[in-house]
Every structure is written in structure tokens, then in C-alpha cells.
Amino acid sequence: MNPYNPYAPPPQQPGMAPYGYGHGMPTGPYRDFDALVMPKFGQLANVCTKCSNPQVAAYPRKSFSFTPQWVWLAFFVSPLIGAILSAVVRKSAAYNVPLCQACDNEWKKGNRNLALSFGVGIVMLLLGIGLCAGELEEVGGPLIAFSFLALLVAPLIVQFTYRRQRTLWVKKIDDRSAWLMGLHAAAADASCMGQNTVPMGAPMPMQQMQGQPYTPPHLMR
């Protein structure tokens with residue numbers, strides 16, 4: 001016990017987690033197997049999150065959301081109940097994600113290809129409607145049915161086989177932190193160690209206010 005401050009915590013021993021809320025739970029980023037647990041007001045290390053390149057070119061603000069899987073079962077009972085539960089229990093978080101120029105371009109390509117994947121089903125739907133209007137229901141009817149399947153399957157294929165490899169995603173979000181997935185291992189370790197050195201030639205970050213998330217200068221208005 002500290003004789004000058006009886007309310008101070010006992011001295012921290014080597015190897016112990018830093019003192020904080022939650023009975024010794026760390027207040028900064030830490031690894032949870034392959035996920036980086038990042039506090040909602042935390043700051044990712046100033047290296048590319050996808051390849052750990054120190055030459056960061058962009059800090060896009062990325063929003064993440066998480067809905068527990070059990071909520072989707074409610075949609076089978078009632079779409080209205082499912083929508084209400086989804087809105088109530090959904091958690092969200094947003095971070096400025098450091099990316100090098102190449103990884104930033106790849107992230108944009110992933111978003112673009114995901115958007116284009118919906119075009120397959122839309123084209124099939126419009127073509128089916130046109131065939132039905134031309135009294136070719138035997139062809140247009142099945143095409144319309146397959147269009148709804150394409151609207152569901154094509155985006156899922158693009159998301160899990162192409163886009164996910166180029167972006168970050170979350171496997172969990174609670175009231176304090178988000179479990180980020182898809183980071184390069186070295187970038188995740190750098191965030192845990194607080195390595196936020198700005199690369200040579202990049203603008204120095206402005207002084208961060210206590211309790212406020214860091215915003216790069218080029219994103220400030």
C-alpha cells in the first residue's frame with residue numbers, strides 16, 4: 001500500500017495486464033487469437049493494416065457493425081420481428097484505418113466488385129420481366145426466380161472469396177471494443193505495442209485531446 005495514497009492500486013508486477021476497468025482487463029488494444037481487440041476510441045498503429053507497410057497513404061474512416069447470429073433466426077419467425085431485433089442489438093464502431101496506396105486501391109476494388117455483383121441478379125430480373133411482357137412466360141418466369149437466387153448468392157461469393165481478403169471486418173463488437181479481423185499480424189502487434197510513429201515526410205498528427213479519437217489532418221474540416 002502507498003502510504004501517501006491509500007487508494008492507489010498496488011504496484012504492477014512484470015507480465016501482469018495493465019490496470020483498468022473490468023477487474024484488470026487491459027484498456028488498450030490486445031490480441032485475442034487472430035483478432036485485434038481495439039477500444040472504440042483507440043487508434044490503430046500508423047502502418048498499413050493489410051500489409052504493415054510503414055508508407056501510409058490514406059486514413060479512410062471505416063465503419064463496422066455487428067449483429068449477433070441468433071437474431072437472424074428471428075427473420076424466419078417474422079421479418080418485422082427480425083428487423084426490430086436487429087436494430088436494437090446491433091453494435092457499431094468506426095476507426096481511421098491506415099492503408100498504403102496499393103492496399104487502399106485493393107479495398108476500393110473489393111467494394112466496387114461487391115456492388116457490381118448485384119448487377120447479375122438485377123439484369124436477370126429485368127430480362128425475365130421483359131420476356132414475360134413479351135408473352136414468353138415459360139422462359140421469363142424461371143429467369144425471374146433465378147434472379148432472386150443470384151441476388152443472394154453472387155454477393156456472398158464475391159464477399160467471401162474476393163472482398164474479405166482486401167478489407168477488415170469484425171467478429172464481435174461490445175460496448176467498449178471491436179474485435180477486428182483481417183489485419184496483418186505485424187500491424188496488429190504494432191497497435192498492441194503503441195507504435196504510432198509517423199513515417200518520414202508525412203504530416204505530423206495534431207495533438208490528440210484526452211478521450212477523443214485521433215483524426216488525421218487531411219480528414220479534418
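Here, every reference points to the structure presented above.
Now for a description of the structure that goes with this document. This one's a predicted model, so the numbers in the text were calculated from it and none came from an experiment.

Definitions and limits used
- Residues numbered from 1 in each chain as written.
- Predicted model: local features only at pLDDT ≥ 70, side-chain atom pairs only at ≥ 80, totals over all residues.
- Heavy atoms only, no water.
- Axes fitted to C-alpha atoms, helices over the stretch in contact; angles between N-to-C directions.
- Helix = DSSP H or I, 4+ residues; strand = E, 2+ residues; numbered from the N terminus.
- Parallel < 35°, antiparallel > 145°, perpendicular 65-115°, else oblique.
- Contact = heavy atoms within 4.5 Å.
- Nonpolar A, V, L, I, M, F, W, Y, C, P; charged D, E, K, R; others polar.
- Buried < 20%, exposed > 50% of the residue type's maximum accessible area, 1.4 Å probe, protein only.

As a packed pair, helix H2 (residues 70-77) and helix H3 (residues 79-89) sit with axes 6 Å apart at the nearest point and diverge in direction by 160°. One finds that H2 runs roughly antiparallel with respect to H3. Where H2 abuts H3, its residues Trp70, Val71, Ala74 and Phe75 lie against Pro79, Ile81, Gly82, Ala83, Leu85, Ser86 and Val89. In terms of residue class, the contact of H2 with H3 is made up of nine nonpolar, two polar and no charged.

With that settled, the discussion passes to unusual backbone geometry. With a phi close to 60°, Phe33 is a non-glycine residue in the positive phi region. Within the secondary structure, Phe33 is located in the loop between strand S1 (30-32) and strand S2 (35-39). Exposure remark for Phe33: the relative accessible area of 74% places this residue in the exposed category. Of note, Ser52 is a non-glycine position whose phi angle comes to about 65°, a positive value. As for its placement among the helices and strands, Ser52 is situated in the loop between S2 and strand S3 (61-66).

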